[in-house]
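Chains, contacts and geometry: an overview
Here is how the chains run, residue by residue.
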Protein chains: 2
Amino acid sequence: MITLINRSLACLAAPICATLMLTAAEPIFSPEVNADKTVTFRYKSSTAERVQVTGDFLPKQTITTDSMTYSIPGVADLVKNGDVWEYVSSPLAPEMYSYSFIVDGNRSVDPANIHRVRDINNISDFFLIEGEASEPDNVTDYGVHDVAHGTVSKVWYKSDKLGKNRRMTVYLPAQYYDNTTQRFPVLYLLHGMGGDENAWSELGRATQILDNLIAAGKCEPMIVVMPNGNSGLEAAPGESSEGLVPVNIDAKHVLNGSFVDAFPEIVEFTDTRYRTITDKEHRAIAGLSMGGAHSKFISANNPDMFDYIGLFSAAMNPHRVTDSKMYSDESEKLAKLFSLNPKLYWIAIGVDDFLYKENVEYRKHLDEKGYKYTYVETTGGHEWKNWRIYLRQLLPLLFK
Amino acid sequence: MITLINRSLACLAAPICATLMLTAAEPIFSPEVNADKTVTFRYKSSTAERVQVTGDFLPKQTITTDSMTYSIPGVADLVKNGDVWEYVSSPLAPEMYSYSFIVDGNRSVDPANIHRVRDINNISDFFLIEGEASEPDNVTDYGVHDVAHGTVSKVWYKSDKLGKNRRMTVYLPAQYYDNTTQRFPVLYLLHGMGGDENAWSELGRATQILDNLIAAGKCEPMIVVMPNGNSGLEAAPGESSEGLVPVNIDAKHVLNGSFVDAFPEIVEFTDTRYRTITDKEHRAIAGLSMGGAHSKFISANNPDMFDYIGLFSAAMNPHRVTDSKMYSDESEKLAKLFSLNPKLYWIAIGVDDFLYKENVEYRKHLDEKGYKYTYVETTGGHEWKNWRIYLRQLLPLLFK
């Protein structure tokens, strides 16, 4: 009787659960992170003829076409043992890794892994290699640890300028509720093209990074506001009244300057809704790629608003794509901004980034004018692996 | 130049993006909901030999084994046209549907669909058929509409009894911030076995149901607290310090009574953190399956706490699985509860539910004692399709 109950209860809800019970009587565990930090991938199939795995945990390979050279993740073959295919990786460093299977040439997510993340129109399985307890400072450990956790909310605000109800993600530090009169500084954290208000909390592991740094006393408890930078949209796909449609990337449309123009509404909303400290010394703005462009021009158009500015792999020249008064008179706007001595103007990029050259040019302009900034150059390219590290490096520098 | 920029920007982040650019130069759109409410499923592969789709939008089929008879979703074949396989469904009624592809015998999620939901250890693609604007009352329209939206938060509370920081989902109605002195009633909404604090907001579409009913004036603005009913766990898989492990279903462990015992801590936390109305007349508790058992015994052990109790496909007899003082003296506890005249004791179940019989027995007991309750019997079985409808039916009855 208990067996029958358990079997039925295990199958409370899934519409295709009965099918699974028939076909997957012995579920497999994949991916399994082993004690030596190797990872075992498993795929169950009696009909497949070849099963491969590809992902950023494998050494990259280079592919050259007529027009371009691509660096792409490697591919490894799983070995069949009965009806379970298996591959064991090398020992891996702490990091958030993503991967997919390729089954007889068709890309397939791992049916045994429930941990997935969306990047633009692409879903990937992921896994985490966590750092050792003995190395709590490991900068690429993005695990959830048993520390005080902040509150993460999906919040809607009304944008009069954009004529929409719009959605944002808001992180409130655990300390926000410890003392209900205390006020906090705010970081506005912006995503890149194709991203949305979920990008930093999901792909960026911002929630875990903040929880862990704040708990370790390495950064100030702060509110972090992660808005949706696509000014034509209400919210992430599936979360808006536009229905369940794929992400439409149109650089001319999303870089039209209207998000920059409407940004002060978000600051006003945040200062009204939350216990913020409402001055320049307690406001930061940072973003990646398109969000770097947004951060650069929002701060330049509002020189009294932010004392801390972070540009991660920033698209420095959105005016190349579209015209907007938000992008005009750049030199004059920067002159005004830097005349007010922002406490931190922080630029980070990887040497393989396709935006590296325009970052060199931008820094050259800053150098010529004698504007003070901090520059961090890393390995790697235009990738979340770098942006998570940049966030972790920037946070301890804010509100000091 | 713009082309190159766009191409690069479209590929800002995905680690396997370069691979995709090479293999999926022309992305396909799947599933596509057509104007006549048929749905087109598409799968791209030049190597597959057979592609099928299975899901709850297809008529069910029955499979009989030695020991049991299963009712499982149907399967349909996609037809190959070039390297794109396609299937068009019949016109479908408004509902949240889930499905998977079967490629050469291997289950595969739809690579073109970014909308997925997890049910226990199983990820399914889903799509929504929305109702017409002319029929806003359609009870199975779970779309996001352009109405005032509540705030949905992931919140951690400290459970002294369970010795853990634990995570819950909290819905605050849009009205919560319209008037910052107004206080609100609270519904505690509990998931089933294998579920967690994400189940009602994701599989249950509770957020959309609440937004739409409140906006239509059909239910009272209320706070809804969705805790994690697995007393041994901190949070949903991947959100806790236990790491990225699959869901472990162990009826003896999760139905050990400790969640029932510790529940008053959640009410106390909610009343401290939020602007609640802190009396019985403004508290409701409801849950599905195991959450129905929890709702039944939490209310019976705390007869002064809730005036509204909802049991959806409830597991009435958890004492059959484990023993706990929370389940003891059931008859006496119910006598006390009903002597205080709860305003609503609401029981709903489908005739095909495997818990139907124990619901009949429980109602027989209530009838014998002359206890007043409301009973709703539907078609269907132990499935989210019913639980979403039950929630939508219960909400307008609360706090009247």
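**Some remarks on the relation of the copies chain A and chain B**
Rotating chain A by 180 degrees and translating it 0.0 Å along the rotation axis places it on chain B, where the RMSD comes to 0.0 Å. Such a turn and shift between the copies fits a two-fold axis. Measuring from the rotation axis to each C-alpha of chain A, the shortest distance belongs to Ser153(A), at 2.0 Å. Mapped onto chain B, 100% of the interface residues of chain A are again interface residues, and the two copies thus contact each other with one and the same surface.

**Brief notes about the interface of chain A and chain B**
On the chain B side, the residues contacting the 98 residues of chain A number 98 residues. Here chain A packs against chain B, burying approximately 7,700 Å² in sum over the two surfaces, 65% of which is carbon and sulfur. Counting the contacts that link chain A with chain B gives 0 salt bridges. The interface formed by chain A and chain B contains 9 residue pairs in polar contact (both at pLDDT 80 or more). Taken together, the residues of the side of chain A that touches chain B break down into 49 nonpolar, 33 polar and 16 charged. Strand direction decides the pairing type here: strand β13 (residues 151-159) of chain A and strand β13 (residues 151-159) of chain B, joined by 3 bridges, are antiparallel. Pairing of Val152(A) across the sheet is with Lys154(B), part of β13(B).

**Some words on the sheet that holds strand β8 (residues 84-88) of chain A**
Residue and element names in this part refer to chain A. Pairing is antiparallel across the open sheet formed by 4 strands, whose spatial order is β1-β2-β8-β7. Both edges of this open sheet fall to β1 (32-33) and β7 (79-81), since each of them pairs with a single strand only. The pairing of β7 with β8 spans 3 bridges and is antiparallel. When the bridges of β8 are listed, Asn-81 appears paired with Val-84.

**Focus: the sheet that holds strand β2 (residues 39-44) of chain B**
The 4 strands are arranged β1-β2-β8-β7 (chain B) in an open sheet whose pairing can be described as antiparallel. Each of the sheet's edge strands pairs with one partner strand only, and the pair in question is β1 (32-33) and β7 (79-81) of chain B.

**Section: the pattern of salt bridges**
Residue and element names in this part refer to chain B. In this structure the tally under the stated criterion is 36 salt bridges over all chains. The shortest N-O distance in the salt bridge between Asp-196 and Arg-118 comes to 2.6 Å. In this pair, Asp-196 is assigned in the loop between β15 (186-190) and α3 (199-202) and Arg-118 in strand β11 (residues 116-119), connecting sequence segments 78 residues apart. Assessed through its relative accessible area of 5%, Asp-196 is described here as buried.

**Some words on the confidence of the model for chain A**
Residues and elements named next belong to chain A. On average, residues of chain A score 90 in pLDDT, and 92% of them reach the 70 mark or higher. Of the regions scoring below 50 in pLDDT, residues 1-25 engages in 54 contacts with residues more than four places distant in sequence or in other chains. For this predicted complex, the interface confidence score (ipTM) comes to 0.92, while the overall pTM stands at 0.93.

**Re helix α10 (residues 384-394) of chain B**
Counting buried residues along α10(B), 9 of its 11 residues qualify, which places the element largely inside the surrounding structure. Listed as buried for α10(B) are Trp384(B), Asn386(B), Trp387(B), Arg388(B), Ile389(B), Tyr390(B), Leu391(B), Arg392(B) and Leu394(B).

**Let's talk about unusual backbone geometry**
Cis geometry marks the peptide bond from Ser30(A) to Pro31(A); its omega dihedral reads -10 degrees. As for its placement among the helices and strands, Pro31(A) is situated in the loop between α2 (17-23) and β1. In this structure, Asp104(B) is a non-glycine residue whose phi angle is positive, near 50 degrees. Structurally, the position occupied by Asp104(B) is in the loop between β9 (95-103) and β10 (106-108). With relative accessibility at 22%, the residue Asp104(B) sits in the partly exposed group. Its identity is not glycine, yet Asp329(B) carries a phi of approximately 50 degrees, on the positive side. Relative to the helices and strands, Asp329(B) is located in the loop between β18 (308-312) and α8 (330-339).

What counts and what doesn't
Residues numbered from 1 in each chain as written. Chains lettered and ligands numbered in written order. Predicted model: local features only at pLDDT ≥ 70, side-chain atom pairs only at ≥ 80, totals over all residues. Heavy atoms only, no water. Least-squares fit on C-alpha atoms with pLDDT ≥ 70 in both. Contact = heavy atoms within 4.5 Å. Buried area = accessible area lost by both parts, 1.4 Å probe. Salt bridge = Lys/Arg side-chain N within 4 Å of Asp/Glu carboxyl O. Polar contact = N/O pair within 3.5 Å; in protein donor to acceptor, adjacent residues only side chain to side chain. Nonpolar A, V, L, I, M, F, W, Y, C, P; charged D, E, K, R; others polar. Pairing = 2+ DSSP bridges. Helix = DSSP H or I, 4+ residues; strand = E, 2+ residues; numbered from the N terminus. Buried < 20%, exposed > 50% of the residue type's maximum accessible area, 1.4 Å probe, protein only. pLDDT = per-residue confidence, 0-100.

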